[in-house]
Amino acid sequence: MFKFEPSPYGSLVRSFNFEPTPEGYLMSHTTVTVAIAYHSGFGHTRRLADRVALGASSVPGAKAVLAPVDTITDGLWDTLSAADAIIFGTPTYMGTASGTFHAFAEASSKVWHGRGWQDKLAAGFTISGGMSGDKLNTLQFLTVLAAQHGMNWVNLGLVPGWNLADSRDDEVNRLGFYLGLGAQVPNDVDAAGLNTGDLETAELLGARVARQALTLLAGRRALVAA
Ligand SMILES: Cc1cc2nc3c(=O)[nH]c(=O)nc-3n(C[C@H](O)[C@H](O)[C@H](O)COP(=O)(O)O)c2cc1C
């Protein structure tokens, strides 16, 4: 909901009227939920999403929930609204997120209007057929989507792998992304053939986001208690 308020500089500024996380909620919650909002045309992104979920739920105090975005229902929005963090996952199609994911992103403008995801954590992953495949553009799109919602982006937090003469092509973060996970699979290989380094990286991303969400919750609780 919009409202207009006078700014200290004398003009009217448009601000949003949204509730901060209620103190009662903060004090009664010690666990976090990480939602993985993803689309997958042929199963590759879905397998990564499963591993991201596994990583998130491996952190004590965190649970993961998979939220496929190809069917946009009230239940999908409720799941995302209840989450402490949302990890976006999409294949890279034509150098950006898939059309289905874009439809979801566009539909999220209703949430944007009410600042429903403000201050939640966000992160992202993508996969493509090419080693580059223009995946960086997809991760940047996901980052901007998160920023428009006022979310706080959690990066991958891993140094690049597969970057020394004797290193292997199945190392963690083998394609050397920083913003999120960029995975790769040849166009003629199905989801069962995903690179083990990419799968491990997916798990690490999920765990990292879960840890960050728990840290944030602990900080918010401490502030309320202070
Ligand atoms: C419509 C379409 C567009 C694609 N565009 C790209 C692309 O821009 N770059 C790339 O490297 N691979 C591209 N690919 C390959 C997919 O990114 C790759 O197969 C990916 O693993 C698909 O993931 P999914 O099974 O979750 O849909 C494209 C595939 C399709 C079907």
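Residues numbered from 1 in each chain as written. Predicted model: local features only at pLDDT ≥ 70, side-chain atom pairs only at ≥ 80, totals over all residues. Heavy atoms only, no water.

A. Fine view of the packing of aromatic side chains. Within this structure, the stated rule accounts for 8 aromatic pairs. Aromatic side chains Phe88 and Phe104 sit 6.4 Å apart centroid to centroid with 55 degrees between the ring planes, which places their arrangement in the tilted category. Here the residue Phe88 occupies a position in strand S5 (residues 85-93), and Phe104 occupies one in helix H4 (residues 99-107), the gap between them amounting to 16 residues. Neither Phe88 nor Phe104 differs from the other in exposure class; each is buried. Geometrically, the ring pair formed by Phe88 and Trp117 is tilted, given 6.2 Å between the ring centres and 45 degrees between the ring planes. Of this pair, Phe88 sits in strand S5 while Trp117 sits in the loop between helix H5 (109-113) and strand S7 (121-128), placing them 29 residues apart in sequence. Grouped by ring-pair contacts, the aromatic residues Trp77, Phe88, Phe101, Phe104, Trp117 and Phe141 constitute a single cluster. (Phe/Tyr/Trp six-rings, centres within 6.5 Å; stacked < 30°, edge-to-face > 60°. Helix = DSSP H or I, 4+ residues; strand = E, 2+ residues; numbered from the N terminus. Buried < 20%, exposed > 50% of the residue type's maximum accessible area, 1.4 Å probe, protein only.)

B. Molecular detail of the UniProt feature "domain: Flavodoxin-like" (unreviewed entry) in the protein chain. UniProt's entry tags residues 34-180 with the feature "domain: Flavodoxin-like" (unreviewed entry), counted in the numbering of this structure. The span residues 34-180 is 35% helix and 22% strand, and its two end C-alpha atoms sit 16 Å from each other. (UniProt positions renumbered as here; feature names shortened; annotations may be inferred.)

C. Structural detail: the site of the ligand. Surrounding the ligand, one finds 18 residues, the nearest of these being Ser40, His44, Thr45, Thr92 and Tyr93. Take Met94: an N or O atom from its main chain is 2.8 Å from a nitrogen atom of the ligand. With respect to the ligand, the backbone of Gly130 contributes an N or O atom lying 2.8 Å from an oxygen atom. Residue assignment for the shell around the ligand shows that the elements contributing at least two residues are helix H2 (44-57), S5 and S7. (Near = heavy atom within 4 Å. Polar contact = N/O pair within 3.5 Å; in protein donor to acceptor, adjacent residues only side chain to side chain.)

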